[in-house]
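Listed here are the chains, written in short residue letters.
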Amino acid sequence: MSHISMWFIAALVLAGLEMLTGTLYMLAIACGLAIGGISSLIGISIPAQIIVASISAVLAVGLLHSWKLKHQSVRPDVVQNQLDLGHRVTVDEWLDVRHARVRYRGTTWDAELADTRVPQNAPSYFITGQRGNILLIDILPPAGV
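Keep in mind that this is a model prediction, so the values were computed, not measured. (Residues numbered from 1 in each chain as written. Predicted model: local features only at pLDDT ≥ 70, side-chain atom pairs only at ≥ 80, totals over all residues. Heavy atoms only, no water.)

Engineer: Sorry if this is basic, but what is going on with the pattern of salt bridges here?
Structural biologist: Pairing of side chains with opposite charge becomes possible as their charged atoms draw close. Here the structure, examined in full by the defined rule, presents four salt bridges. Notably, a salt bridge pairs Glu 112 with Arg 98, separated by 3.2 Å at the nearest N-O pair. Of this pair, Glu 112 sits in strand 3 (residues 107-113) while Arg 98 sits in the loop between strand 1 (88-94) and strand 2 (99-104), placing them 14 residues apart in sequence. Across the pair Arg 131 and Glu 112 runs a salt bridge, and its minimum N-O distance is 3.0 Å. Of the two residues, Arg 131 sits in strand 4 (residues 125-131) while Glu 112 sits in strand 3, which places them 19 residues apart along the sequence. Salt bridges here are not isolated pairs; linked through shared partners, they connect Arg 98, Glu 112 and Arg 131. (Salt bridge = Lys/Arg side-chain N within 4 Å of Asp/Glu carboxyl O. Helix = DSSP H or I, 4+ residues; strand = E, 2+ residues; numbered from the N terminus.)

Engineer: How should I be thinking about the sheet that holds strand 1 in this particular structure?
Structural biologist: Sheet strands pair via backbone hydrogen bonds, and the direction of the pair is either parallel or antiparallel. The five strands lie next to each other as 1-2-3-5-4, forming a closed barrel whose pairing is mixed. Strand after strand, the sheet turns through a mean of 55° between neighbouring axes, direction not considered. Relative to strand 5 (residues 134-138), strand 3 runs parallel, the two sharing three bridges. Counterpart to Leu 113 in the pairing with strand 5 is Ile 137. (Pairing = 2+ DSSP bridges. Axes fitted to C-alpha atoms, helices over the stretch in contact; angles between N-to-C directions.)

Engineer: How should the pairing of strand 3 be read in this particular structure?
Structural biologist: Strand residues, when the strand is regular, have side chains that alternate between the two faces of the sheet. By the bridge criterion, six bridges tie strand 2 to strand 3 in an arrangement that is antiparallel. Bridge pairing in strand 3 places Val 102 opposite Trp 109. Count of turn residues in the strand 2/strand 3 antiparallel hairpin: two residues, of which Arg 105 carries a positive phi of about 55°.

Engineer: Help me understand the packing of aromatic side chains in this model?
Structural biologist: The geometry of an aromatic ring pair is captured by two quantities: the separation of the ring centres and the angle between the planes. In the structure shown here, the tally under the stated rule is two aromatic pairs. Measuring from ring centre to ring centre gives 6.0 Å for Trp 94 and Tyr 125, while their planes differ by 80°; the resulting arrangement is edge-to-face. Residue Trp 94 is located in strand 1, and its partner Tyr 125 is located in strand 4; the two are separated by 31 residues in the primary sequence. Judged by its relative accessible area of 24%, Trp 94 falls in the partly exposed class. Tyr 125 sits in the buried class, given a relative accessible area of 1%. (Phe/Tyr/Trp six-rings, centres within 6.5 Å; stacked < 30°, edge-to-face > 60°. Buried < 20%, exposed > 50% of the residue type's maximum accessible area, 1.4 Å probe, protein only.)

Shape descriptors only; they carry no functional weight alone.
Below is the structure:
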């Protein structure tokens, strides 16, 4: 089997494995391997092919990482789960001024007031966001829901 075939077979295997992960990092490395195959087609020596493939794979992973950082949400600590936004919850007990245990989806959840000025005597609250497994609640539903 020629070096050209090995480069492209390795690239195709990584591209196929990428379909199982969905992170795009294996695809970036597969691009580097494909560029190694192209350098083999040109007739570059084997050590140079390895260097070209390595550099292009590192560049592709770096570009992918910077693209993911650029397109990340503004506040990564607050997840806007569209399935939970706007749903009504009732407070079972207050743990302190901002934290409570609320009933939602048949079980109790930890919740935190989204604003310190929200009164604790409201009959029910709305989910406005989520931080990990803590629901952020407010007396008004979130805008646009």
